[in-house]
Amino acid sequence: MNLQKELLLPCGAKLQNRIAKSAMSENMSPRHHGPTKALIRAYQSWVDGGSGLLITGNVMVDRKAIGEPGNVIVEDKTDFALLQEWASIVKGTGVHLWPQLNHPGRQAIGFINNEVVAPSAVKTKVKGMGVMFKQPRALTEAEIYDIINRFGNTAAIMKEAGFTGVQIHGAHGYLVSQFLSPLVNQRKDQWGGSLKNRARFVLEIYRNIRKKVGDHFPIGIKINSADFQRGGFTEEESMEVVQLLGAEGIDLIEVSGGSYERPAMIGSSQKKSTQEREAYFLDYVNKVRKSLSTPLMLTGGFRTVATMERAIAEGELDVVGIARPFTLYPDLPNRIFAGDLARLDIPSPKTGLQMLDSSGFLDIKWHEVHIHRLGDGKIPNPKLSAYLVIAYNLSETMRELVYGLPIFKKSGK
Ligand SMILES: Cc1cc2nc3c(=O)[nH]c(=O)nc-3n(C[C@H](O)[C@H](O)[C@H](O)COP(=O)(O)O)c2cc1C
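Residues numbered from 1 in each chain as written. Predicted model: local features only at pLDDT ≥ 70, side-chain atom pairs only at ≥ 80, totals over all residues.

*Asks:* What am I meant to see in the site of the ligand here?
*Replies:* Taken together, 24 residues sit near the ligand, with S22, A23, S25, A323 and R324 positioned nearest. Broken down by secondary-structure element, the contributors of at least two residues to the shell around the ligand are β4 (53-60) and α14 (361-375). For the shell around the ligand, the leading source of residues is α14, giving 3 residues. Here the residues of the shell around the ligand are counted per class, giving 9 nonpolar, 12 polar and 3 charged. (Near = placed C-beta within 6 Å. Helix = DSSP H or I, 4+ residues; strand = E, 2+ residues; numbered from the N terminus. Nonpolar A, V, L, I, M, F, W, Y, C, P; charged D, E, K, R; others polar.)

Dropping the structure here:
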């Protein structure tokens, strides 16, 4: 099978096959935000499943800026032994394990952050969920340099702990993607305005990481093909940015799209025909492929092995990225390679409340619960009720309200 072929990355590292688990925020580390034993157990089941690459859920680079209540945060060596334990599960297996490094910027849940920052003071607007987000403050230039440095710092710690690469989260409306978007980035200095200026942040992050991890360590990025918002980061601009990153020597470009405001990444705002055709952002990949030699990974909507196999065979992309199906089929690569899995059927949980069902929130939370089940050694439950998932999420949020509010925290931990 073409999906079983190795892939050589520009830095010299090899992926053992073409199937990657894309990042899924696990939300399993409340309060102290270190990796937990349950989180490591969930990853063990994915390591045993035979992927070429496992990308972790987003790991925050700054304790002052948390996307969700249970994110792992790595800004120093506080949890180094646990990080080593997490990374050790891929030793000798051939599977790559890359943490996805992120700063949420304005797209951070308000009640768990004292203050929210962004390129400019433009608030996240999600229909019906406005209370979740705070008005952000524009970053100072010194703070921008501090965040760039933090990406490099966290990458260096992860490398020392034994992770085999890193991915920059440059997609889905988080800070890197906010800098790229002219809607959110209205700065008048060297970080805003022209595309060259808006792309400076991500390029400086890449350079900072590269300086700290060396030339032979894989660095990837997840980037939006577009934000799908009028006045936002466009497809043409995205194509220019991937060229710039390719010229810098980045190892793997994962293509996605959208943000909380327009959740195209999980298909919520995609046309039915696009969903049925699978691979939501394939048109973009076909265009970018012509002028880019950097390995490309595409994530979003892959559900049949025939489509995945064809995309690799025809050279449209190099790595097939899969997220939600991995919570129900943790061993999907091995089963695909053995020929006993042709389709990745996943349910589409619904409450009947249009706003909730179309926001993407429910879908994400449903799969998040399944990652928690994996961590507890439980088998997947495709029939799990959407209402139970909402109740579970509310109870977790309440727990965080009691234990996790910054005002209750000592020494910012
Ligand atoms: C529970 C859950 C959490 C997610 N967390 C992240 C994340 O931390 N970082 C990220 O880049 N994408 C995240 N995503 C998006 C996925 O990586 C992927 O882009 C999306 O689900 C589409 O791929 P799929 O159709 O194979 O699920 C998440 C998706 C889900 C379902």
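Here the narrative resumes.
*Asks:* Before we go on, may I ask you to explain the packing of helix α1 (residues 37-48) against α14 in this structure?
*Replies:* The axes of two packed helices give the description: the angle between them and the distance between them. Two elements in contact, α1 and α14, have axes separated by 7 Å at closest approach and are oriented at 90°. Taken together, the axes of α1 and α14 are roughly perpendicular relative to one another. The segment α1 lies against α14, with A38, L39, R41, A42 and S45 engaging I371, L374 and G375. In the contact of α1 with α14, the residues fall into 5 nonpolar, 2 polar and 1 charged. (Axes fitted to C-alpha atoms, helices over the stretch in contact; angles between N-to-C directions. Parallel < 35°, antiparallel > 145°, perpendicular 65-115°, else oblique. Contact = placed C-beta atoms within 7 Å.)

*Asks:* Hey, could you run me through the pairing of strand β12 (residues 319-322) in this one?
*Replies:* The side chains of a regular strand alternate between both faces of the sheet. Covered by surrounding structure in β12 are V319 and G321 together with V320 and I322, the residues of both alternating faces. Relative to β12, strand β3 (residues 19-21) runs parallel, the two sharing 3 bridges. Following the sheet pairing, A20 is matched in β12 by G321. Alignment of strand β11 (residues 296-299) against β12, held across 3 bridges, turns out to be parallel. When the sheet's bridge partners are listed, L298 is paired in β12 with V320. A crossover links β11 with its parallel partner β12, the connecting element being helix α10 (residues 305-313), and its sense is right-handed. (Buried ≥ 20, exposed ≤ 12 C-beta atoms within 10 Å, placed from the backbone. Pairing = 2+ DSSP bridges. Right-handed = clockwise from strand over helix to strand, strands pointing away.)

*Asks:* Explanation requested: helix α2 (residues 80-88) in the structure shown.
*Replies:* Every α-helical turn comprises 3.6 residues, leaving residues that sit three or four positions apart pointing alike. All of the buried residues in α2 are L83, W86 and A87. Along the axis of α2, the buried residues cluster in a sector spanning 95°; they form a single face. Turning to α2, the residues buried within the fold contact α1, β5 (96-102) and α3 (141-161). (Arc of directions from axis to C-beta.)

*Asks:* How should the sheet that holds strand β8 (residues 166-170) be read in this particular structure?
*Replies:* Two modes of strand pairing occur in sheets, parallel and antiparallel, and in both the strands are linked by backbone hydrogen bonds. Spatial ordering of the closed barrel is given by β3-β4-β5-β8-β9-β10-β11-β12, a layout of 8 strands whose pairing is parallel. The sheet shows a mean angle of 25° between the axes of neighbouring strands, direction not considered. Along the sheet, α3 makes contact with β4, β5 and β8, crossing β5 at roughly 155°. Along the sheet face, helix α6 (residues 200-213) touches β8 and β9 (219-224) and points at about 170° away from the line of β8.

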